[in-house]
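# Geometric and topological summary
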Amino acid sequence: MGRALRADAERSVRAILEAAEQVFAQDAGASMEQVAEAAGLTRITVHRRFANRQALLEALAISAKQQLIDAIEEARPDAAPALVALHRVTANVLRVKNTWRFTLSHATAHTPAAAALWGEINTHTVNLMNRAQREGLLAPDADLEWTRQVYYALLSEAINKPGAEQDPDALATLVIDTLLHGAGPRG
């Protein structure tokens, strides 16, 4: 019986987080009551799971970052050549970023849990950049910290590109091509 309650509670939390993403994307100042209504739950249920709006925002940040990690790991970046891994990771991350646009662009204070997840995301990214450099995709003297920052900026720009409902694989190709070759002539 406890198990069913736990599964029910997990479904409620998931419904609240998904509804909050949608509601806050439309109105960043929306109330917890509006989130509850969108989730098809009572305000009391939402408050039982999240004491206040800040707690909900923090849970959104943690959930979205965990989904980014899951997307990176699902791409199995160590199981393919760096270029293939970079494409898979990029496409998967763009899918998550598209689903969690508000949360991943909303500046919330990093709780220790969110900061740890962000550190894990950075570690995965740096490891992939190191592989790309070792495999000759990036110049031997490339500043990998700068490259990571540029990569993140390209991901943000891709997701905000007009008509960003484009295929994540096509956007990933655009991001990687820009990262590796810039906008200058080939030759």
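The subject of this paragraph is the pattern of salt bridges. Taken as a whole and assessed by the stated rule, the structure comprises three salt bridges. The partner of Glu145 in a salt bridge is Arg148, with the nearest N and O atoms 2.2 Å apart. Highlighted residues: Glu145 and Arg148, both in helix 8 (residues 144-160), separated by three residues, approximately one helical turn. Classification of Glu145 as partly exposed rests on a relative accessible area of 39%. You can call Arg148 buried: its relative accessible area is 10%.

A few words on the side chain of Thr90. The residue Thr90 is located in helix 5 (residues 82-99) in this model. What makes Thr90 buried here is its relative accessible area of 0%. Contacts of Thr90, omitting those with residues within four sequence positions, involve Tyr151, Leu155, Ala172, Val175 and Ile176.

What follows concerns the packing of helix 8 against helix 9 (residues 168-181). It is the contact of helix 8 with helix 9, at a shortest axis distance of 10 Å, that shows an interaxial angle of 145°. Classified by chirality, the crossing of helix 9 by helix 8 is right-handed. Along its contact with helix 8, which presents Thr147, Val150, Tyr151, Leu154, Leu155 and Ala158, the element helix 9 presents Leu171, Val175, Thr178 and Leu179. Its residues placed into classes, the contact of helix 8 with helix 9 shows eight nonpolar, two polar and no charged.

Averaged over all residues, the pLDDT of the protein chain is 90; the fraction at 70 or higher stands at 93%. Confidence, expressed as mean pLDDT per element, reaches its minimum in the protein chain at helix 1 (residues 2-26) with 82 and its maximum at helix 5 with 95. Note on residues 1-5: pLDDT under 50 across the span, and zero contacts to partners over four residues away in sequence or across chains.

With respect to the helices, strands and loops of the structure, Val175 is situated in helix 9. Owing to a relative accessible area of 3%, Val175 belongs among the buried residues under this scheme. Between the alpha carbons of Val175 and Thr147 there is a distance of 12 Å; along the sequence they are 28 residues apart.

Conventions and cut-offs
Residues numbered from 1 in each chain as written. Predicted model: local features only at pLDDT ≥ 70, side-chain atom pairs only at ≥ 80, totals over all residues. Heavy atoms only, no water. Salt bridge = Lys/Arg side-chain N within 4 Å of Asp/Glu carboxyl O. Helix = DSSP H or I, 4+ residues; strand = E, 2+ residues; numbered from the N terminus. Buried < 20%, exposed > 50% of the residue type's maximum accessible area, 1.4 Å probe, protein only. Contact = heavy atoms within 4.5 Å. Axes fitted to C-alpha atoms, helices over the stretch in contact; angles between N-to-C directions. Left-handed = near helix turned anticlockwise from the far one by under 90°. Nonpolar A, V, L, I, M, F, W, Y, C, P; charged D, E, K, R; others polar. pLDDT = per-residue confidence, 0-100.

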